[in-house]
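# Inside the fold
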Amino acid sequence: MKLLNAEQIRQWDAFTIKNEPLSSLELMERAANACARWIVQNTLAESYYIFCGKGNNGGDGLAIARLLYNANKKVAVYILESDAKGSDDYISNFNILHHLSAIPIFMIRGERDLPELPFNCIIIDALFGTGLNRPLTGLAAKMVDHINNSIAPAIAIDIPSGLFGDHSSAHNTIVKARHTLSFQVLKTAFLVAENEPWIGHVHIMDINLHPAFPDEVSTPFSIINKSLASREYRPRNAFAHKGNFGHALLIAGSWGKAGAAVLCSRACLRTGAGLVTAHVPQSGVTVLQTAVPEAMVFPDKEAEQVSGLNYDLNHFTAVGIGPGIGTGVKQQLLLKELLEHIQRPLVLDADALNILSENKALLNLLKPDTILTPHPKEFARLFGEAADDFKRIELAQTKAMELSIFIVLKGHHSFVACPDGTGYFNITGNAGMAKGGSGDALTGMVTSLLAQGYLPKEAALLGVFLHGLAGDLAAASGGMEALLASDLIDHIGNAFKQL
Ligand SMILES: NC(=O)C1=CN([C@@H]2O[C@H](COP(=O)(O)OP(=O)(O)OC[C@H]3O[C@@H](n4cnc5c(N)ncnc54)[C@H](OP(=O)(O)O)[C@@H]3O)[C@@H](O)[C@H]2O)[C@@H](O)CC1
Ligand SMILES: [K+]
């Protein structure tokens, strides 16, 4: 699914009005109805304090006030006064409310007009939406501080006021919402970790915008959702045999980190690779053969570390390297040798990435379409610190294009940067997966898909989606705190079943 920017979402609005027998005021009513319904169904409060600006976001707020009043809720409206006359739909809703005369409306002209906010009220934030074009200052910022200083929860309409939809809002004054009720589609602002303090739980209200619009616009970003993952997934042929599903090689583990090799190999098998060989130090052999009897083992000549490649890489259909190998001289040489000789799809993770960071010249050896799976710290070591999450995403795109590789930037919404300049945000996954071993599982999963013949882009997108979904299913059954990477791996099968 395409990820539209704020301006495109606004155009979608206009497109819908133009192509349907629907006025913009009716569309606002539809949006307000969806929000009011959600608020009635999900909240219980003594009273609702509705803060409105004079744009269409404020218009939404005024319509919501009326609808909540009609649902027998006690409401009061506070309008941020400004020189602006107000948008047409704001004015229409203001006039309706004014004539109704049952709902108190207060104009906020200065700090002294700000109401005291009781603890048992709910604040509705309809000050600014996608029309925000600069950080909030003056009375608008004071109003937001006032809202944030209250212990009453705030529900933001469309987007917390003060937050930009498509670029960083660092240092802005922003409403800290408990819930955000947004329209039709996710905004980029909801997908980056730096905005977590403001957005709360995001709920998308379906307001039936015209379905043809997304096909008319181009966007660099998309969302990896179930329908995209299902399109990538290739169900197994009934007459298949293990030779059809490839042979994955995983180079992983060292003394004290045999677990990385175990998790990676098990995830690789659970994702469907026909054969899996793990290249581990000798000390890892028994561990691996006991924990994952389905995998074959290639013992290194050294006891505690992997130190060299004395086999033909062409024997395998895909290779994954990095989890728990260490960054010593021998692993550096091994990685160099691998990069020089490999002719197969390759995944680099963890220590393989750390080695690259310390030997940047090795980046020039990466074959086109190699997949790198860094977490933000590994990414920073590789490509430098970024000023904010949006800049980091931009940097990932630049590097993916420059080096002709895929970069899977891991996080709550992992981002896959592709060599053609496009990027994909994943929507599965949860905080329970923020634990050692989750990354090793992803390496095994993506390598497995590559081994089975999925193209690198397909493997990265499907792997990331399934990994998050397996984590979600594991969290649903055992909770986030207790979630182990092994639990995630045990749920890979159920994740596939949902495609
Ligand atoms: N698309 C959809 O699906 C639907 C969208 N709908 C709703 O419409 C909303 C967008 O409405 P909108 O365009 O009127 O913008 P909104 O944010 O209300 O007002 C911004 C105004 O404030 C001003 N301003 C900007 N920054 C400022 C600042 N820092 N400090 C002070 N002032 C500032 C700026 O004027 P300026 O001062 O720049 O002249 C601008 O005119 C959207 O979020 C959603 O809620 C639904 O009704 C229907 C379905
Ligand atoms: K808002």
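Keep in mind that what you see is a predicted model, and the values were worked out from it rather than measured. (Residues numbered from 1 in each chain as written. Chains lettered and ligands numbered in written order. Predicted model: local features only at pLDDT ≥ 70, side-chain atom pairs only at ≥ 80, totals over all residues. Heavy atoms only, no water.)

### Quick look at the packing of aromatic side chains
For the coordinates displayed, the defined rule picks out 13 aromatic pairs. A centroid spacing of 5.6 Å and a plane angle of 85° characterise the contact between F221 and F415, whose relative ring orientation is edge-to-face. With F221 in strand β8 (residues 221-224) and F415 in strand β16 (residues 415-417), this residue pair connects regions lying 194 residues apart in the sequence. By relative accessible area, F221 is classed as buried at 15%. Taking the centre distance of 5.6 Å and the plane angle of 55° together, the rings of Y233 and F496 count as tilted. Taken as a pair, Y233 in the loop between α8 (226-232) and β9 (247-251) and F496 in helix α18 (residues 492-497) lie far apart in primary sequence, 263 residues in all. According to the relative accessible area criterion, Y233 is partly exposed, its value standing at 24%. Exposure remark for F496: the relative accessible area of 15% places this residue in the buried category. Chaining the aromatic ring pairs together yields one cluster made of Y49, F51, Y78 and F106. In this structure, R234 packs its charged tip against the face of Y454, placed 4.4 Å from the ring centre. Above the face of the F245 ring, R236 is positioned so that its terminal group lies 3.6 Å from the ring centre. (Phe/Tyr/Trp six-rings, centres within 6.5 Å; stacked < 30°, edge-to-face > 60°. Helix = DSSP H or I, 4+ residues; strand = E, 2+ residues; numbered from the N terminus. Buried < 20%, exposed > 50% of the residue type's maximum accessible area, 1.4 Å probe, protein only. Lys NZ or Arg CZ within 6 Å of the ring centre and 35° of its normal.)

### Re the nonpolar core
Core analysis: the largest hydrophobic core is formed by 57 residues, its most contacted members being I224, L288, I371 and V416. For this core, the leading source of residues is helix α16 (residues 456-478), giving 12 residues. If sequence neighbours within four positions are ignored, L288 has contacts with A261, V262, S265, A278, V280, P293, A295, M296 and V297. Within the second largest apolar cluster, 52 residues are counted, among which are L3, F316, L346 and A400. (Core = buried A, V, L, I, M, F, W, Y, C linked by side-chain atoms within 4.5 Å. Contact = heavy atoms within 4.5 Å.)

### Structural notes on the packing of helix α13 (residues 376-383) against helix α14 (residues 389-403)
Two numbers describe a pair of packed helices, the interaxial angle and the distance between the axes. Where α13 contacts α14, the axes come no closer than 12 Å and their chain directions differ by 55°. Viewed along their axes, α13 and α14 adopt a mutual orientation that is oblique. Between α13 and α14 the crossing geometry is left-handed. Contact residues: P376, F379 and F383 in α13; R392, L395, A396, K399 and L403 in α14. For the contact of α13 with α14, a count of residues per class yields 6 nonpolar, no polar and 2 charged. (Axes fitted to C-alpha atoms, helices over the stretch in contact; angles between N-to-C directions. Parallel < 35°, antiparallel > 145°, perpendicular 65-115°, else oblique. Left-handed = near helix turned anticlockwise from the far one by under 90°. Nonpolar A, V, L, I, M, F, W, Y, C, P; charged D, E, K, R; others polar.)

### As for the coordination of the potassium ion (ligand 2)
Within the protein, the atoms that donate to the potassium ion (ligand 2) are N57 (OD1), D125 (O), F128 (O), I157 (O), I159 (O) and S161 (OG), at distances of 2.6 to 3.1 Å. Viewed at the metal, the 6 donor atoms of the potassium ion (ligand 2) are separated by angles of 66 to 175°, and the geometry they form is irregular. The sequence motif formed by the donor residues of the potassium ion (ligand 2) is N-x67-D-x2-F-x28-I-x1-I-x1-S. The two residues I157 and I159 agree in class, both being buried. (Donors = N, O, S within 2.8 Å, 3.2 Å for Na, K, Ca; no water. Tetrahedral: all angles 85-135°; square planar, octahedral: opposite > 155°, others 65-115°.)

### Things to note about the sheet that holds strand β2 (residues 75-80)
Reading across the sheet, the 7 strands line up as β3-β2-β1-β4-β5-β6-β7 and stay open at both edges, with parallel pairing between neighbours. Whereas interior strands pair on both sides, the edge strands pair on one side only; in this sheet they are β3 (105-108) and β7 (201-205). Between one strand and the next, the sheet's axes are offset by a mean angle of 20°, whatever the strand orientation. Judged from the 5 bridges that link them, strand β1 (residues 47-52) and β2 form a sheet pairing that is parallel. The partner of Y49 across the bridge, within β2, is A76. Contacts from helix α2 (residues 24-42) reach β1, β4 (121-126), β5 (154-157), β6 (179-183) and β7, with the element oriented near 150° to β6. (Pairing = 2+ DSSP bridges.)

### What to know about the site of ligand 1
Near ligand 1 you find 21 residues, and of these R10, D60, G129, R134 and D158 are the closest. Between G131 and ligand 1, the recorded distance is 3.0 Å, taken from a backbone N or O atom to an oxygen atom. Between an oxygen atom of ligand 1 and a side-chain N or O atom of D158, the distance comes to 2.6 Å. The set of elements that each furnish at least two residues to the shell around ligand 1 consists of α1 (6-19) and α3 (56-70). (Near = heavy atom within 4 Å. Polar contact = N/O pair within 3.5 Å; in protein donor to acceptor, adjacent residues only side chain to side chain.)

### Thoughts on the domain arrangement of the protein chain
By the assigned domains, the protein chain splits into domain 1 (6-219) and domain 2 (226-497). Using only C-alpha atoms to locate each centre, domain 1 and domain 2 end up separated by 42 Å. Residue-level contacts link 12 residues of domain 1 with 7 residues of domain 2. For the pair domain 1 and domain 2, the summed buried area comes to about 770 Å², and 74% of that belongs to carbon and sulfur atoms. When the area that domain 1 buries against domain 2 is broken down by residue, the three leading residues are L191, V192 and E194, summing to 56%. The interface formed by domain 1 and domain 2 includes 0 salt bridges. Applying the counting rule to domain 1 against domain 2 returns 2 residue pairs in polar contact (both at pLDDT 80 or more). Residue composition of the side of domain 1 that touches domain 2, grouped by class: 6 nonpolar, 4 polar and 2 charged. (Domains from an automatic or database assignment. Buried area = accessible area lost by both parts, 1.4 Å probe. Salt bridge = Lys/Arg side-chain N within 4 Å of Asp/Glu carboxyl O.)

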